[in-house]
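Listed below are the residues making up each chain.
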Amino acid sequence: MINLEIPKKLQMLVTQSNQVANEVFRPNSRKYDRAEHTYPKELDMLAALIDGMNESGALGGAGAGSVSQGANASKNGSGNRNGSNMASLLGLIELCWGDVGLLLTMPRQGLGQAAIAAVANEEQLARFGGKWAAMAITEPEAGSDSAAIRTTAVLDESDPAHPAYVLNGEKIFVTSGDRAELIVVWASLDRSAGRAAIKSFIVERDNPGLKLDRLEHKLGIRASDTANFTLQDCRVPKEALLGSPDVNVEKGFAGAMQTFDNTRPLVAGMAIGVARACLERTRELLSEAGVSVDYDAPPHSQSAAASEFIAMESDWEAARLLTLQAAWMADNKKPNSLHASMAKAKAGRVGTDVALRCVALCGAIGYGEGELLEKWARDAKILDLFEGTQQIQLLIVARHLLGKSSAELK
């Protein structure tokens, strides 16, 4: 049973995250939406503050770089814990209530850190942990199907003293790719071996073989840069490969996909935060217009606007509970691949649906730039797309429920 009250040890985290969202993110939200590709300097001081809080333990292990499968769970598997996955999720919900674009460009909080936390060894964690890491998976020919990755990694041992992997390929839609210190690049050791050969590699942003092609102009999350890269004979040390170099056909893609078990609940949490912001502001605007929402009366006996608002809140609560469950399972060493995809699918759809319906309910006010509702509607769409589209999440859920492999159910 999940305790739906915020644990006391995480209450300070939630409160402080909300203060950041309210006092830093919201006041600068429109500014950096208009000034696309301009780095938000206000985040530097905030990042330094977060570093200090992390060192003191005040954040309860929150942050993309802290999440891991079973983190903070008891060693013997007994007892129910809310650990770093839950802490990260609760913090992200509050911050995205403020502005999801600014959250995505927070220094040292990139989703690449979740990939490092998922598969890195102790030495790699010590070396790369805490750095700002972006994640480069998508390619022109490989979007939702990560197994179709064409970027290659070839081991070059011509210099025994400095063995290296040589990466070649193209990566697109890399969130915070230009600003991050590290890029976690997914590449294949042997394309003939299929999914099992796909591994992740740490590439320093200043590596001469990593060439920035362009920054995208986007519908939403404009405060966050989205980069496209070409890897041309990009050499990285042999130790830059995350996890095992062995190509295990029986294990297949499971090791790499564990990253998504960690990050999909976080992206779901982002959608929940944006949707909550939409609902709260819409209720305020409806109240100002004289529309009351009565939770004790049947929806059909109220105005159409009130009835629709109640339906949206119910949908939002369902997404929230699914997401909390997925994070809780990870903290308690319970396999959460199914629940991570269910949460991502539900929250991604709810986030977009709620944002657009709130704009519609508020009419001209919701559509204009005098309110942040129109911006939130633009920002919400990406949360149903990246980290696996709605359609891919439903396919993964179907495979789990029907006991089918990826080859059997496409």
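See the structure printed just above.
Colleague: Account for the overall build of the protein, naming residues and giving values.
Modeller: A count of helical and extended segments in the protein gives eleven helices and eight strands. Reported as C-alpha extents along the three principal axes, the dimensions of the protein are approximately 75 × 45 × 45 Å. At a minimum sequence separation of 6, the contacts of the protein that also span at least 24 residues come to 73%. Separation between the mean location of the 43 positive side-chain charges and that of the 50 negative ones in the protein comes to 2 Å.

Colleague: A description of the nonpolar core should follow, citing residues and the corresponding values.
Modeller: In this structure, F25, L103, I116 and L167 are the most contacted members of the largest nonpolar core, which totals 106 residues. Among the elements that line this core, the one with the most residues is helix α7 (residues 254-288), at 14 residues. Apart from the residues within four sequence positions on either side, F25 is in contact with V20, L43, L46, L95, G98, D99, L102, L103 and M106.

Colleague: Account for the packing of aromatic side chains, with residues named and values stated.
Modeller: Inspection of the entire model under this criterion finds two aromatic pairs. When the ring of Y165 is compared with that of F201, the centres are 5.1 Å apart and the planes differ by 65°; the resulting orientation is edge-to-face. Note that Y165 is positioned in strand β3 (residues 164-175) and F201 in strand β5 (residues 198-204), a separation of 36 residues in sequence. For the pair shown, Y165 and F201 are each scored as buried. Measuring from ring centre to ring centre gives 5.4 Å for W186 and F260, while their planes differ by 45°; the resulting arrangement is tilted. With W186 in strand β4 (residues 182-188) and F260 in helix α7, this pair connects stretches of sequence that are 74 residues apart. For W186, a relative accessible area of 1% puts it in the buried group.

Colleague: An account of unusual backbone geometry is needed here, citing residue identities and associated values.
Modeller: One non-glycine residue with positive phi stands out, namely F173, at about 55°. Its location among the elements puts F173 in strand β3. Non-glycine residue D233 carries a positive phi angle of around 45°. One can find D233 in strand β7 (residues 226-237).

Colleague: Could you give an account of the packing of helix α1 (residues 8-34) against helix α3 (residues 84-98), with specific residues and numbers?
Modeller: α3 packs onto α1 with a crossing angle of 25° between their chain directions and a minimal axis gap of 7 Å. Relative to α3, α1 is oriented roughly parallel. The hand of the α1/α3 crossing is right-handed. Contacts between α1 and α3 pair L10, L13, V14, S17, N18, V20, A21, N22, F25, R26 and S29 from the former with M86, A87, L90, G91, E94, L95, W97 and G98 from the latter. Here the contact of α1 with α3 is built from residues that sort into eleven nonpolar, six polar and two charged.

Colleague: Report on empty space enclosed by the protein, specifying residues and quantitative values.
Modeller: The full count for this structure, using the stated rule, is one cavity of 30 Å³ or more. Roughly 40 Å³ of volume is contained in the largest cavity. Forming the boundary of the largest cavity are N85, D261, N262, P265, L266, A326, A327, A330 and N336. Elements supplying a minimum of two residues to the lining of the largest cavity: α7 and α8 (304-331).

Colleague: Residues and numbers for the side chain of T105, please.
Modeller: Take T105: it is sitting in the loop between α4 (100-104) and α5 (112-119). Setting aside chain neighbours within four positions, we find T105 in contact with Y39, P40, L43, W132, S176, R179, A223, S224 and D225.

Colleague: Hey, could you go over α5 for me, with residue numbers and the actual values?
Modeller: Burial within α5 is extensive, with seven of its eight residues counted as buried. Every buried residue of α5 is listed here: G112, Q113, A114, A115, I116, A117 and A118.

Colleague: Can you explain the pattern of salt bridges? Please cite residues and give values.
Modeller: Scanning the entire structure with this criterion turns up 23 salt bridges. Of the charged contacts in the structure, one is a salt bridge between E42 and K31, with a shortest N-O distance of 3.0 Å. Separated by eleven residues along the polypeptide, E42 in helix α2 (residues 42-56) and K31 in helix α1 bring together distant segments of the chain. With a relative accessible area of 44%, K31 lands in the partly exposed category.

Colleague: An account of the side chain of Q393 is needed here, citing residue identities and associated values.
Modeller: Take Q393: it is sitting in helix α11 (residues 390-402). For Q393, the residues in contact, after removing those within four places along its chain, are R264, S341, K344, A345, E387 and G388.

Colleague: Give a detailed account of the pairing of β7, specifying residues and quantitative values.
Modeller: In the case of a regular strand, side chains alternate between the two sheet surfaces. The sheet contact formed by β3 and β7 spans nine bridges and is antiparallel. Residue pairing across strands places T175 opposite T226, the latter belonging to β7. Looking at chain direction, strand β6 (residues 210-215) and β7 are connected through five bridges and run antiparallel. Following the sheet pairing, L212 is matched in β7 by F229.

About the thresholds
Residues numbered from 1 in each chain as written. Predicted model: local features only at pLDDT ≥ 70, side-chain atom pairs only at ≥ 80, totals over all residues. Heavy atoms only, no water. Helix = DSSP H or I, 4+ residues; strand = E, 2+ residues; numbered from the N terminus. Contact = heavy atoms within 4.5 Å. Lys, Arg positive; Asp, Glu negative; His and termini not counted. Charge placed at Lys NZ, Arg CZ, Asp CG, Glu CD. Core = buried A, V, L, I, M, F, W, Y, C linked by side-chain atoms within 4.5 Å. Buried < 20%, exposed > 50% of the residue type's maximum accessible area, 1.4 Å probe, protein only. Phe/Tyr/Trp six-rings, centres within 6.5 Å; stacked < 30°, edge-to-face > 60°. Axes fitted to C-alpha atoms, helices over the stretch in contact; angles between N-to-C directions. Parallel < 35°, antiparallel > 145°, perpendicular 65-115°, else oblique. Left-handed = near helix turned anticlockwise from the far one by under 90°. Nonpolar A, V, L, I, M, F, W, Y, C, P; charged D, E, K, R; others polar. 1 Å grid on protein atoms, 1.4 Å probe; cavity = no way out; pocket = protein on both sides within 12 Å on 5 of 7 lines; lining within 4 Å. Points joined across faces, edges and corners; volume = space filled by probe spheres on them. Salt bridge = Lys/Arg side-chain N within 4 Å of Asp/Glu carboxyl O. Pairing = 2+ DSSP bridges.

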